[in-house]
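# Commentary on secondary and tertiary structure
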There are 2 protein chains.
Amino acid sequence: MKFIIDRDQLLTAVQNVMKAISPRTVVPILTGIKLEVRQDGITLTGSDADISIESYIPAEEDGMVYIDYIEEGNIVLHSKYFPDIVRKLPENKVEIEADENLKITIRSGKAKFNLNGQDALEYPQLPSLLAADSFEIPIDLLKSLIKQTVFAVSTMETRPILTGVNMKLIDQTLTFSATDSHRLASRTVPIAETGIDFSNVVVPGKSLNELNKIIDDSEEKIQISVTSNQILFRTKRLQFLSRLLDGNYPETSRLIPTQSKTVLYFNTKELLHTIDRASLLAREERNNVVRLTTKENNMVEIASNHPEVGNVTEEIAIASKEGEDLKISFSSKYMMDALKAIDYDEVKIEFTGAMRPFIIHPVEDDSILQLILPVRTF
Amino acid sequence: MKFIIDRDQLLTAVQNVMKAISPRTVVPILTGIKLEVRQDGITLTGSDADISIESYIPAEEDGMVYIDYIEEGNIVLHSKYFPDIVRKLPENKVEIEADENLKITIRSGKAKFNLNGQDALEYPQLPSLLAADSFEIPIDLLKSLIKQTVFAVSTMETRPILTGVNMKLIDQTLTFSATDSHRLASRTVPIAETGIDFSNVVVPGKSLNELNKIIDDSEEKIQISVTSNQILFRTKRLQFLSRLLDGNYPETSRLIPTQSKTVLYFNTKELLHTIDRASLLAREERNNVVRLTTKENNMVEIASNHPEVGNVTEEIAIASKEGEDLKISFSSKYMMDALKAIDYDEVKIEFTGAMRPFIIHPVEDDSILQLILPVRTF
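For every chain, the first residue of its written sequence is number 1, and the numbers climb from 1 along that sequence. Chain letters and ligand numbers both follow the written order, the letters beginning at A and the numbers at 1. Reporting in this predicted model follows two pLDDT cut-offs: at least 70 for local features of residues, and 80 or more for side-chain atom pairs to be given and counted; totals over whole chains, interfaces and linings ignore these cut-offs and use all residues. As a rule here, side-chain values cover all heavy atoms of the structure and leave hydrogens and water aside.

## Observations concerning the overall build of chain A
Under the scheme used here, helices are H or I runs from DSSP no shorter than 4 residues and strands are E runs no shorter than 2 residues, and both carry numbers assigned from the N terminus. When its secondary structure is counted, chain A shows six helices and 28 strands. Seen through its C-alpha atoms, chain A measures out along the principal axes to roughly 80 × 50 × 40 Å. The cut-offs for exposure are 20% and 50% of the maximum accessible area for each residue type, with area from a 1.4 Å probe on protein chains only; residues under the lower value are buried, those over the upper are exposed, and the others partly exposed. When the 378 residues of chain A are sorted by exposure, 55% land in the buried category. When checking whether two residues touch, look at their non-hydrogen atoms; a contact exists if any pair is within 4.5 Å. Counting contacts in chain A only where the partners sit at least 6 residues apart, residues at least 24 apart contribute 66% of the total. With the model as given, the accessible surface of chain A reaches about 17,000 Å², and the carbon-plus-sulfur share is 47%. The charged-residue count follows a simple rule in which Lys and Arg add positive charge and Asp and Glu add negative charge, with His and chain termini not counted at all. All charge positions are set by atom: Lys at NZ, Arg at CZ, Asp at CG, Glu at CD. Across chain A, the 42 positively charged side chains and the 56 negatively charged ones have centroids separated by 6 Å. In this description, accessible areas are obtained by the Shrake-Rupley approach with a 1.4 Å probe, and a residue is regarded as covered only by the protein chains that are shown.

## So, the packing of helix 3 (residues 139-147) of chain A against helix 4 (residues 205-214) of chain A
Residue and element names in this part refer to chain A. Fitted lines through C-alpha atoms serve as axes, helices being fitted only where they are in contact, and the angles separating the N-to-C directions of these axes extend from 0 to 180 degrees. Where helix 3 meets helix 4, the closest approach of the two axes is 10 Å, and the angle between their N-to-C directions is 140°. Accordingly, the angle class assigned to the pair helix 3 and helix 4 is oblique. As helix 3 runs across helix 4, the sense of the crossing is left-handed. For the pair formed by helix 3 and helix 4, the contact residues are L142, K143, I146 and K147 on the first element and L208, L211 and N212 on the second. Polarity classes work like this: nonpolar for Ala, Val, Leu, Ile, Met, Phe, Trp, Tyr, Cys and Pro, charged for Asp, Glu, Lys and Arg, and polar for all others, with Gly in that last group. Of the residues belonging to the contact of helix 3 with helix 4, the class tally is four nonpolar, one polar and two charged. When describing relative orientation, an angle under 35 degrees is termed roughly parallel and one over 145 degrees roughly antiparallel, while 65 to 115 degrees is termed roughly perpendicular and anything else oblique. Left-handed describes a crossing whose near helix is turned anticlockwise from the far helix through less than a right angle; right-handed describes the clockwise counterpart.

## Examining the interface of chain B and chain A
Residue-level contacts link 31 residues of chain B with 31 residues of chain A. Using a 1.4 Å probe, buried area is obtained as the accessible area two parts lose upon being combined, added over both of them. Surface buried jointly by chain B and chain A totals about 2,700 Å² across both partners, of which 56% is contributed by carbon and sulfur atoms. The salt bridge involving B:K88 is made with A:D276; its shortest N-O contact spans 2.8 Å. By the criterion applied in these results, polar contacts are pairs of N or O atoms within 3.5 Å in which, for protein atoms, one can donate a hydrogen and the other can accept it, and in which residues neighboring in sequence qualify only through two side-chain atoms. Put simply, chain B and chain A have 14 residue pairs in polar contact (both at pLDDT 80 or more) between them. Here, a salt bridge means any side-chain nitrogen of Lys or Arg that lies within 4 Å of a carboxyl oxygen of Asp or Glu.

## Some remarks on the pattern of salt bridges
If you walk through the whole model with that rule in mind, you get 39 salt bridges over all chains. One salt bridge connects A:D48 with A:K206, and the closest N-O pair in it is separated by 3.9 Å. On the criterion of sequence distance, the pair formed by A:D48 in the loop between strand 3 (41-47) and strand 4 (51-58) and A:K206 in helix 4 is long-range, its members being 158 residues apart. Here A:K206 falls in the partly exposed class, since its relative accessible area comes to 47%. Close ionic contact of B:E210 with B:K213 constitutes a salt bridge, the shortest N to O distance being 3.3 Å.

## Here's the deal with the relation of the copies chain B and chain A
Residues below a pLDDT of 70 in either copy are left out; the C-alpha atoms of the rest, at least 70 in both, set the least-squares superposition of the copies. With an RMSD of 0.0 Å, chain B superimposes on chain A once it is rotated by 180° and translated 0.0 Å along the axis. Such a combination of rotation and displacement between the chain copies is what one expects of a two-fold axis. Taking C-alpha positions as the reference, the residue of chain B nearest the rotation axis is B:K213, at 16 Å. A high fraction, 100%, of the interface residues of chain B reappear at the interface in chain A, so the copies pair face to face through one surface.

## Looking at the side chain of A:Q370
Its location among the elements puts A:Q370 in strand 28 (residues 368-372). Side-chain polar atoms of A:Q370 contact the backbone oxygen of A:Q148, separated by 3.1 Å.

## Some details on the confidence of the model for chain A
Residue-level confidence of the predictor, termed pLDDT, takes values from 0 up to 100. When pLDDT is averaged along chain A, the result is 93, and 97% of the positions lie at 70 or above. We note a pTM of 0.91 for the whole complex and an ipTM of 0.87 for its interfaces.

## As for the sheet that holds strand 14 (residues 173-179) of chain B
Backbone hydrogen bonds hold the strands of a sheet together, and the pairing may be parallel or antiparallel. Residues and elements named next belong to chain B. The pairing criterion is simple: DSSP has to find at least two bridges between the two strands. The strand order across the open sheet built from nine strands is 16-13-14-15-28-27-26-20-24, with neighbouring strands paired in antiparallel fashion. Of all strands in the sheet, those bounded by a partner on one side alone are strand 16 (198-204) and strand 24 (320-323). For this sheet the average axis-to-axis angle between neighbouring strands, irrespective of direction, equals 20°. Examined bridge by bridge, strand 15 (residues 183-190) and strand 28 (residues 368-372) share five bridges and lie antiparallel to one another. In the strand pairing of strand 28, S186 is matched with L369. Seen against the sheet, helix 4 (residues 205-214) touches strand 13 (164-170), strand 14 and strand 16 and runs at an angle of roughly 75° to strand 16.

So this is what it looks like as structure tokens:
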């Protein structure tokens, strides 16, 4: 096995597959990076059994030659050392060679590394998915679907199913929703005719976070294929495979109130910063609770207090108010998470009393919904 | 006590004094920030008993008004909450008020914080130093003296005196030196006539690191005053007081070899990067040892190996070589620290055999000296 490759191309691919590699895996060889060298290009693979990432570097693309002098072969490299080595190589051309004794030689400029490799045959075969039952959406849309929901997954292992994001595709409408049973985040988007429907696909939040890190904002399409226990995200150069969570995702739609008693319209950033300041003195042990109270002439008071330290109150102007006055307490963290996930200037918050969940969405966009359960403080 | 102040001025001062405050101090009130409000300006104080920092904000400077409506008084504020509050205030004007019950009110825009303060009378009196016995140097020069030496202090408590930097002022020459007994870093600078001499002033490395963080590079002068057990650094707005370490600092000059058998001239960056690459496979348990070997026609080989993982060798061209050939092993970390402290393009390394300490300094500047003890590897 031998080839000469562009370091930057190699580095990007290595950094991508590293996202799947965990130093503490039960299968020792999975701490390594698998290299498959073919005439058309090189595929790197990293996996922790839950997530598997394949990153492909074409030998040539749009007239650019990335890889040269290719002798085919496979090898597994130490993921603890290889990434740093690649990053610090003196020149942009790297020659990598492996002999039959799995001895690897890496040359760049006057630097020469000899590493012990492992046999690629010992690397577990990754379950490969057929592209059947798949659909496509733009990468940047997928990224916003993830950002607007994944933060709301549960971090507790008590109900494992809630540590994932529920994906639904019904009647050409794709829905992502996540809840930790104190708040809910959901986003729907219409998609082109696919011929497929599913409703109980639950992707681990961790998987989506890693995926979001390695796909760059772009309008290019990403292909999504789903089976009963796995999901595959595929772009031109990347294959991201994740297991799905077992079990039935709870029906969340009934949590969402259908009518409201008070509706408030805020400037998103203003509200976010006000809540942020109020949370400075919110009592940790009570999950940073802040209190919202409607006031005269379109003002709302945000307040919180810390028994030993002191208290904070701030008035914020609202664009308008519909319905009755209100006094309600909630987690400042949940509210800030929700507001950060909404990148519109104006938000609409619909309340149905101090003890009922309330919902937040952009004034101009109902496809984004954030729901928060209030906290009883009296 | 009451005043209206420019938030950015306040924030800078708060961040400065925070550098001295430790959340785990034996004297509870030292977790607070002391505020002294006078007609001419405001002084903030933070201290952990070892280090005390005073940051002064003038009411007015160069026609700029920083503080307004001043009612004099003193108070101690919670350092856990106050800095975040100041940082996140909505507007650049901040009104701070304290009543006789130590209740503090902070107002900015529509935000209002009520905090419980503590009595400034309970705040320990900081030992104040007279400006006598003091001398001055430019701030940027002090910063480089610190950067070029402090990294070499010992982190072990076994010999506390070595955790400090030894300052000497003899015959108008100021010397900083630090050693952990495996390596030595030293820098000398000429000083204008001061009339004072001292040789056993040992400043805790931690103090100098904190000082370096809060003084900005500038050609302005900083005044340094020394007593038997304390040192004071003073600028227009800052007073940085540190205790000195007790005990006699070892005489380090005799460690420095006077003649050499091999002299090598390197490009500093090239050598640094080569050592960095070699250290990737250096064995941690042996403090990242790398081997340097002189070769034919002005080449030097840098190599290291890791029994399980592999090995690395790299040849680097030297500008020139004087004296005999050499094969020597040393800590790559110490070498990299030393090279980073030298910001000249060319370095000269003088060896006196594989078992003797060797010294590194810039080709054009003998005032910077780095000494490293080799490691026996055979």
